[in-house]
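# Residue-level structure breakdown
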Amino acid sequence: MIDIRVSPRTLLVAAWALIAILFAAAPSHAQQRIKDVAAIAGVRSNQLVGYGVVVGLDGTGDQTTQTPFTVQSLTSMLIQLGVTLPPGLNLQLRNVAAVMITAQLPPFAKPGQTIDVTVSSMGNARSLRGGTLVLSSLKGADGLVYAIAQGNVLVAGAGAQSGGTSVAVNHLNAGRIPAGATVERTVPSQVGQGELVVFETFESDFTTTSRVTDVINNAIGAGSAVAMDSRQIRVRAPVDPSQRVAFISRVENLLVNAAEASPKVIVNSRTGSVVMNQRVLVTNCAVAHGNLSVTIQTEPVISQPGAFSPGQTVATERANIEVKEDKSGLVVLPNTTSLSDVVRALNAVGATPTDLLAILQAMKAAGALKAELEVI
């Protein structure tokens, strides 16, 4: 009998090695569910908006002399409740604030269900902490009332005083009411009508649409799905409602290989952050910008096999980045350079976010940046 003992450290190293092998063997573009790349047309949320009054504030409400609409709203509310105020009365309110109410009505929401609402101050109230929203209606784009909101406003953060100095933590003029609105009206949906269910991909791409169509036809049957354009796919579904839900669930959980994303560069002009995908490349160009000078060129790298081995000599190219500053302000970028190398080189010489944005925009205009440039 052979006794084999393995130390915990050896097991840990073996486990990490196995994980590395599995990640190396995994495909670069993993399969996704159809529901991750497409949605059913007509299944969407709807925006709701309303106007209301928050009461019960601790002296942090609107200054009514500067926000007359707050007094008008409260006066109208009191009249509806049977309270008549004498004409010409100058109300000085400190515990009331006029607010806008926003919410999202999810698809298939039914009367009686509750949704969260966001309450935001309209006037000059200092804080909505501790306030209560009085019954208010929420309307859709068609002007109809779809929900009724009321409840205690939850405001994150707090005010602190230290040594006579007041410090405000987080934003106190906006808050949320969890489950603060009750749905009163249902938005009609077309999913349960007709024999066709239309899927719309999140991004317009003919490759992804074609692959989704092929996956559905292979799983359900030939001719079940037809691609209409780069976004819409029409799928024949059972008319019987008892089978329709199960059919849609089966279709949206099918696995598909989505197409690779188009080259894209996102630049945040405020922070200087640059985000790009792996397919962004730069062609030959020369850019003059201030006193920045970056030279990026490639050099051949020869890989030879060992003696008496069946391998072959392989010649590859390696990017050699040289960063320097001179008075010519010339930035030379060869054809094999990736944008990540360019951004890294520009950051190394102290390029500001404004410099980086100007250079990328000029490269895009000259056709040297092979990607879509989006500035946020």
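Residues numbered from 1 in each chain as written. Predicted model: local features only at pLDDT ≥ 70, side-chain atom pairs only at ≥ 80, totals over all residues. Heavy atoms only, no water.

## Points about the overall build of the chain
To keep things clear, this is the line we draw: Only DSSP runs of H or I with at least four residues qualify as helices, and only runs of E with at least two residues qualify as strands; both kinds are numbered from the N terminus onward. A 1.4 Å probe rolled over the protein chains alone gives each residue an accessible area, and that area as a share of the maximum for its type sets the label: buried under 20%, exposed over 50%, partly exposed in between.
Helix and strand counts for the chain stand at seven helices and 23 strands. Among the 376 residues that make up the chain, the fraction classed as buried is 30%.

## With respect to the packing of aromatic side chains
Put simply, the rule is: Each aromatic pair joins two rings of Phe, Tyr and Trp (for Trp, the six-membered one) with centres within 6.5 Å, and gets the label stacked for planes under 30 degrees apart, edge-to-face for over 60, and tilted for any other angle. As a reminder, the over-ring test applies to NZ of lysine and CZ of arginine, requiring each to be within 6 Å of the ring centre and within 35 degrees of the ring normal.
Here the structure, examined in full by the defined rule, presents zero aromatic pairs. Note that R185 overlies the ring of Y146, its terminal NZ or CZ placed 5.7 Å from the centroid.

## What about the environment of T75?
Just so we agree on the cut-off: Identification of polar contacts relies on pairs of N or O atoms within 3.5 Å, with a donor-acceptor requirement for protein atoms, meaning one able to donate a hydrogen and the other able to accept it, and with residues adjacent in sequence counted only if both atoms are side-chain atoms.
Along the chain, T75 turns up in helix α3 (residues 68–80). For T75, a relative accessible area of 23% corresponds to the partly exposed category. Sequence separation of T75 and L85 is ten residues, and the distance between their C-alpha atoms is 7.5 Å. A polar side-chain atom of T75 sits 2.8 Å from the main-chain carbonyl oxygen of V71.

## Some points on the pairing of strand β7 (residues 145–152)
Where we set the bar: Strands qualify as paired when DSSP identifies two bridges or more between them.
Where strand β6 (residues 132–139) meets β7, six bridges bridge the pair, whose relative direction is antiparallel. When the sheet's bridge partners are listed, K139 is paired in β7 with V145. Where β6 folds back onto β7 in an antiparallel hairpin, the turn is made up of five residues, including G143, whose phi is positive at roughly 85°. As judged from the three bridges shared by β7 and strand β10 (residues 174–183), these two strands associate in the antiparallel manner. Directly across from I148, in β10, lies its bridge partner T182.

## Quick notes on the pattern of salt bridges
So the rule is basically this: By definition here, a salt bridge exists when the distance from a side-chain nitrogen of Lys or Arg to a carboxyl oxygen of Asp or Glu is within 4 Å.
Applying the stated rule across the entire model yields four salt bridges. The salt bridge involving D36 is made with R33; its shortest N-O contact spans 3.2 Å. Note on R33: relative accessible area 33%, which makes it partly exposed. With a closest N to O distance of 3.8 Å, K35 and E252 form a salt bridge. On the criterion of sequence distance, the pair formed by K35 in helix α2 (residues 34–37) and E252 in helix α5 (residues 241–252) is long-range, its members being 217 residues apart. Among the residues examined, K35 registers a relative accessible area of 33% and is labelled partly exposed.

Note that all results are geometric; they support no functional claim without further evidence.
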